[in-house]
Amino acid sequence: IRKNPKRVSNSNKINKKDKEMVVTSQFIKAKRTPKATNAIKRVLQQWKESNRISEGTKAHYFNEIKFWLKWVADTNQRDGYSLFETNAIYDYRDYIAKKKTAKNANEKVRTLCQAINLLAKNEGRKRGIKKVDISIFKLDVCESDSFVREEILQEDFDKLNAIECNEKEEFYRKLFIFQTLIGQRISDTNTILQGKYNIVKEKVLSVRNKKASRIIKKEDKTSLVIMTDEISELMEYFKKKYTYISDECMRNYANKYLKILFKKAGITRISKNGKPLCEDISTHYARHTFCTRMLRQKRSCEDVAMMMGCGVEMVRRIYQHLTEDDRAEKLLNSLKEAV
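By convention here, each chain's residues receive numbers from 1 onward along its written sequence. Per-residue local features are limited, in this predicted model, to residues with pLDDT of at least 70; the limit for side-chain atom pairs, both in listing and counting, is 80 or more; totals at the level of whole chains, interfaces and linings are taken over all residues. Excluded from the side-chain calculation are hydrogens and water; included are all heavy atoms of the structure.

Caption draft 1: Fine view of the nonpolar core. Only buried residues count toward a nonpolar core. Its members are Ala, Val, Leu, Ile, Met, Phe, Trp, Tyr and Cys residues joined through side-chain atoms within 4.5 Å. Only protein chains enter the area calculation, which uses a 1.4 Å probe; residues under 20% of their type maximum are buried, those over 50% are exposed, and those in between are partly exposed. Core analysis: the biggest nonpolar cluster contains 38 residues, and Phe176, Phe178, Phe238 and Phe262 have the highest contact counts within it. Where this core is concerned, the elements lending two or more residues are α6 (154-162), α7 (167-182), α8 (186-193), β2 (204-208), α9 (229-241), α10 (247-264), α11 (277-280) and α12 (284-296). Helix and strand labels come from DSSP, where a helix needs a run of H or I of at least four residues and a strand needs a run of E of at least two; each type is numbered from the N terminus. Examining the composition of this core, we find that seven residues originate from one element, α7, more than from any other. Once residues within four sequence positions are removed from consideration, phenylalanine 238 is found in contact with Phe171, Lys174, Leu175, Phe178 and Leu193. Within the second largest apolar cluster, 33 residues are counted, among which are Val43, Tyr95, Ala120 and Ile129. A contact between two residues is defined here by any heavy atoms of the two lying within 4.5 Å.

Okay, structure coming up:
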């Protein structure tokens, strides 16, 4: 009597020709869980719900991460946690650099690395995600890649103050002047106008910096504003004229009206970016102007950094725009003091 052969399930049948396991239709239809993109989306949700990040910064983070999500899809990446490793980040950086400038690549990779490091801190042990060193991915930025800001000259302010303005224009003209006197970002200036600051030693305001208070580091950064009669007078004006507005709207309106005001004042000198200044001008020019003026008044870089709420290296490398005449005068003064 012939015995019936032992039945073998479909998933365990062996192909005699190539000795490979036969893949069932169920296995073919199965989809892998998108681990990396899901993890990044968790970070985006965390950023969205955070009250420690300004709306403008959130929008910037979301736009930068969208490019990474596009890269994962367009290049058919295997959506696993290996995308958070060094080699994959290098591949992503090189992909951006071929399509955009080095500056764009640095910004997008930096945002991705911030997200990865946040994941490494929160769920790294569970999922095997490790912290990455952002600095190793940095590309050298050519001068043509970057948008350069500069000092607004006294002759520019003279032209700006000479024009007639309607009530709205006058508000944003005074706002820009106020910024050049306190050296704060527009978001931190808005915080001051909302009355969210502390008084230190009677004539010094302490304001929490929104952008500098990073979500990863979690410690607060503050800047100090030394009160002067001119600053006090402008603050009284804003108490009467200011109504609540979000940081993002404040930035958009201020930049819009600054361009209108500078064009109206005929401030069309060519900026370092090769365009008329009235087209380039933004609120952040005030911060650069403040820094340069403070250093010209012989304030130390450490004091200026404390007032601006940034690092000393940022003062030296980014914000100061001392001329050759300034540096020569500083040298002569130091020689006189040494005698």
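There's more to say after this.
Caption draft 2: The arrangement of the pattern of salt bridges in detail. Here, a salt bridge means any Lys or Arg side-chain nitrogen found within 4 Å of an Asp or Glu carboxyl oxygen. Under the definition given, this model contains 19 salt bridges. For the salt bridge of arginine 127 with glutamate 123, the shortest nitrogen-to-oxygen distance reads 2.8 Å. Pair noted here: arginine 127 and glutamate 123 are both in helix α5 (residues 102-127), with a separation of four residues, about one helical turn. Assessed through its relative accessible area of 29%, arginine 127 is described here as partly exposed. Classification of glutamate 123 by relative accessible area gives buried; the value is 16%. Among the ionic pairs, glutamate 167 bridges to lysine 241, the shortest N-O distance being 3.6 Å. On the criterion of sequence distance, the pair formed by glutamate 167 in helix α7 and lysine 241 in helix α9 is long-range, its members being 74 residues apart. On the basis of relative accessible area, lysine 241 is assigned to the partly exposed category, the value being 40%. In the salt-bridge network here, residues are joined through shared partners; they are Arg42, Glu123 and Arg127.

Caption draft 3: A look at the sheet that holds strand β1 (residues 198-200). Whether two strands pair comes down to DSSP finding at least two bridges between them. On the basis of which strands lie adjacent, the open sheet formed by three strands has the order β1-β2-β3 and antiparallel pairing. Here the strands that pair on one side only, and so sit at the sheet edges, are β1 and β3 (222-226). Sheet twist, expressed as the average angle between the axes of neighbouring strands with direction ignored, equals 35 degrees. Fitted lines through C-alpha atoms serve as axes, helices being fitted only where they are in contact, and the angles separating the N-to-C directions of these axes extend from 0 to 180 degrees. Against the sheet, α8 makes contact with β2 and β3, and its axis sits at roughly 120 degrees relative to β2, the strand it touches most.

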